[in-house]
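# Fold and contact review
These are the residues of each chain, in order.
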Amino acid sequence: MELVVFLVSLFGFLALGIPIAIVLVLCSMVLMYYGGMWDSMFVMIIPQSMLDGANNYPLMAIPFFVFAGEIMTEGGLSKRVVKLAQLIIGRVRGGLGYAAIVSSVIFAGLMGSSVGEAAALGSLLLPMMAQAGYKPGRAGGVIASGAILGPIIPPSTNFILLGATVGLSITKLFMIGLVPGLIIGLCLMVTWFFIVRIDGYKEKIEFKKGEASKIVRDAMPAFMMPVLLLGGIRFGVFTPTEGGAFACVYAIAVCTLYYRELTFKGLLAVSARAARTTSVVMLIVATATAVGWFITSAQIPMQVAELFQPLVDSPILLLLSINVFLFLAGMVMDLTPNVLIFAPVFYPLIQQAGIDPYFFGLLFILNLGIGVITPPVGTVLYVVCGIGNIKIGNLVRNMAPFLIVEMLVLFLLLAALEDCGYMARIAFILDRLFRRFGLSGKSFIPMLIGTGCGIPGIMASRTIENERDRRMTIMTTTFIPCGAKVPFIGMIAGALFGGSAWVSTSAYFIGMAAIVISGIMLKKTRMFSGDPAPFVMELPAYHWPTLGNVLRSMWERGWSFIKKAGTIILLSSIVMWLGSVFGVV
């Protein structure tokens, strides 16, 4: 019950528009009152926990990297990085878009912040792209989609928060985020290749030979910073926190002595901005630590473990369930509080399931990173809209192809784990549980497919040999919410529950409960009486995933997502929009 109280209070206060730091304090007070701990001694736990949460050595890296990022923006590194990106790939048709993506990759290695990256690149590139004839929404879309590289490519402040929160090595988290971040950047460039030809952009950027050498010389100090920083951390020259201090000193030296664009007055202004940004982040860290104390005291992690306990022996299913929850949470709450609140809750489950914590950390940050460009609380969206004077609907519509590609990368990572031989074992492990309510373990695969679309889920039941088990699976699979049902669940949530995010999440658990109850009821009828057929399946040996299988699985899931996003979900969204315009919804 404490879990329900916490989630209802969390999303309820957020729905009222209260700042997240205040929401976390209020949630602490609610849990304190509900747990019968409302007295003077326990009231002091909130400020004491806040102080302990902020007094954390690894978190010192955050103000250093924030300060270094602000110095680079003010001291001229930003425009030189953009010039270098234009030189590298600007001569290709649609060069400004490619330059924006390359700049996003380089900026992610300089700033480690999605919002800061979007603000810096948006202020530089949006006017240039508008002058070159790009659609405002399309220009904003490519910059916003590239900004999610900030939380993934090191030095990521979110990896620092995750490592400090659950006790993982920040250095290892930095290293594991590098290659997936580069893959996302490459996929965005492939997407831009097709968009350029669809939209008919012809623009190219040409530089003279003398200009090219000058641009390389100017940009080399900026380009070398992430190389020196990551090299120093990787080979043990300094820790991530010491690396943040190195980044500050390096940035000040380059901007004052080499570029000579950062004055003492400018340095004071940069320090003030960095202090304000850091204070916001650290206030959230402090209040999240306070609510974390009461979450632990109320044994909420144990309740979550019990809730997901049937999935602990099935790592893929557990990861899918957690990722669905995180995607929904990322739509209504920013990345930083999501990391601080949910990482300590899910981390014990991941350990119990035997999943590599660093792989989970990558999926965790990537999933929540997509949330910063997903309405209604996508902070990067509002930054880009404010800079480019773009309407939010126009930006989201033009950003859709990039968002789909980033979802495909998430599916790619899941498919790599799936192809190792887990799926057959999941069906085998769940067989004993499913038999209690009249289903076979083989019913799991159709139900899993049914989360994407109910019709393919029903069609997948043809692989079940026993006719009774096949019919029972067909009868119960449709209870699982799929992509076509989600818009209607969202409409009900908006019309009856004030848009609370917990409604959509609860729909999945209600669907599971409906499967259990209907299975038990059908089991008592004459048509479905008796026990399921014995489970017979060849379990493949664990093996390295093959490229063909991984790409095929990624494409099947991605294509299902694209079809639902482009047909049923789009049409449902249009109906909901018309209803809101004419006062029906």
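Residues numbered from 1 in each chain as written. Predicted model: local features only at pLDDT ≥ 70, side-chain atom pairs only at ≥ 80, totals over all residues. Heavy atoms only, no water.

### Description of the overall build of the protein chain
Keep this limit in mind: The helix count covers DSSP runs of H or I at least four residues long, the strand count covers runs of E at least two residues long, and both are numbered beginning at the N terminus. Summary of the burial criterion: residues with accessible area below 20% of their type's maximum are buried, those above 50% are exposed, and those between are partly exposed, where the area comes from a 1.4 Å probe applied to protein chains only. Throughout, the Shrake-Rupley method with a 1.4 Å probe supplies accessible areas, and for residues the shown protein chains are the sole cover considered.
A count of helical and extended segments in the protein chain gives 28 helices and zero strands. Residue burial in the protein chain is summarised as follows: out of 585 residues, 52% are buried. Total accessible area on the protein chain is roughly 26,000 Å²; 69% of this is exposed by carbon and sulfur atoms.

### Details of the packing of aromatic side chains
Heads up, the condition is: Within 6.5 Å between ring centres, the rings of Phe, Tyr and Trp (the latter by its six-membered ring) count as paired, and their orientation is classed by plane angle as stacked under 30 degrees, edge-to-face over 60, tilted in between. Should the NZ of a Lys or the CZ of an Arg lie within 6 Å of a ring centre and within 35 degrees of the ring normal, that charge is described as sitting over the ring.
Per the stated rule, a full pass over the model turns up eight aromatic pairs. Centroid distance Tyr-134 to Trp-192: 5.9 Å. Interplanar angle 25 degrees. Geometry classified as stacked. Here the residue Tyr-134 occupies a position in the loop between helix H8 (114–131) and helix H9 (136–146), and Trp-192 occupies one in helix H11 (residues 170–199), the gap between them amounting to 58 residues. Given the relative accessible area of 4%, Tyr-134 is considered buried. Aromatic side chains Trp-192 and Tyr-201 sit 6.1 Å apart centroid to centroid with 20 degrees between the ring planes, which places their arrangement in the stacked category. Comparing Trp-192 with Tyr-201 shows no difference in burial state: the two are buried. Here a set of aromatic residues connected by ring pairs shows up, and it is made of Tyr-134, Trp-192 and Tyr-201. Taking NZ or CZ as reference, Arg-80 lies 3.9 Å from the ring centre of Tyr-259, over its face.

### Thoughts on helix H2 (residues 20–34)
Heads up, the condition is: Here a helix's expected span is defined as the number of its residues, less one, multiplied by 1.5 Å.
Between its terminal C-alpha atoms H2 stretches 21 Å, which fits the 21 Å expected from 15 residues at 1.5 Å a residue. Those residues of H2 lying buried are Ile-20, Ala-21, Val-23, Leu-24, Cys-27, Ser-28, Leu-31 and Met-32.

### Let's talk about helix H12 (residues 209–234)
Selection rule: A residue's bend is simply the angle between two axes: one fitted to the seven residues ending at it, one to the seven starting at it.
Helix length check: H12 (26 residues) gives 36 Å between terminal C-alpha atoms against 38 Å at 1.5 Å per residue, within 8%. The axis of H12 is deflected most strongly, by about 45 degrees, at Ala-219, and proline Pro-221 appears within four residues downstream. Of all the positions in H12, only Ala-212, Ile-215, Ala-219, Pro-221, Ala-222, Met-225, Pro-226, Leu-229, Leu-230, Gly-232 and Ile-233 are classed as buried. Positioned one or two residues after H12, Gly-236 has a phi angle of 75 degrees, which is positive.

### Examining the nonpolar core
Let me state the cut-off plainly: As used here, the term nonpolar core means buried Ala, Val, Leu, Ile, Met, Phe, Trp, Tyr and Cys residues forming a set that is joined through side-chain atoms within 4.5 Å. Here, residues are in contact when the closest pair of their heavy atoms is within 4.5 Å.
Core analysis: the largest hydrophobic core is formed by 159 residues, its most contacted members being Phe-6, Leu-10, Trp-192, Phe-342, Phe-346 and Phe-364. Leave out the neighbours within four places in its chain, and Phe-6 touches Cys-27, Leu-31, Val-291, Ile-295, Ile-300 and Ile-341.

### Description of the pattern of salt bridges
Note the following rule: Salt bridges are counted wherever a side-chain nitrogen of Lys or Arg sits within 4 Å of a carboxyl oxygen of Asp or Glu.
Under the counting rule described, the total for this entry stands at six salt bridges. One salt bridge in this structure joins Asp-199 and Arg-138, with 2.9 Å as the shortest N-O distance. Taken together, the residues Asp-199 in helix H11 and Arg-138 in helix H9 connect sequence positions 61 residues apart. No difference in accessibility class separates Asp-199 from Arg-138, as the two residues are buried. Where Lys-214 meets Asp-218, a salt bridge forms, and the shortest distance between an N and an O atom there is 3.1 Å.

### Brief notes about the confidence of the model for the protein chain
Here is the rule: One confidence number per residue, pLDDT, is output by the predictor and ranges from 0 to 100.
On average, the protein chain scores 76 in pLDDT, and the residues at 70 or more come to 79%. Within the protein chain, the element-level pLDDT minimum falls on helix H28 (residues 568–581), averaging 53, and the maximum on H9, averaging 86.

### Details of the side chain of Arg-468
Here Arg-468 lies in helix H24 (residues 467–477). Aside from chain neighbours lying at most four places away, what touches Arg-468 is Gly-438, Lys-523, Phe-528, Ser-529, Gly-530, Asp-531 and Pro-532.

### Regarding the environment of Ala-61
Relative to the helices and strands, Ala-61 is located in helix H5 (residues 61–75). On the basis of relative accessibility, which here comes to 0%, the residue Ala-61 falls in the buried class. Along the backbone, Ala-61 and Pro-240 are 179 residues apart, and their C-alpha atoms lie at a distance of 6.5 Å.

### Overview of the side chain of Asn-158
Tracing the backbone through its elements, the reader meets Asn-158 in helix H10 (residues 157–166). With relative accessibility at 7%, the residue Asn-158 sits in the buried group.

### A look at unusual backbone geometry
In this model, Arg-260 sits at a positive phi of 55 degrees, which is unusual for a non-glycine residue. Note on placement: Arg-260 falls in the loop between helix H13 (240–258) and helix H14 (264–297).

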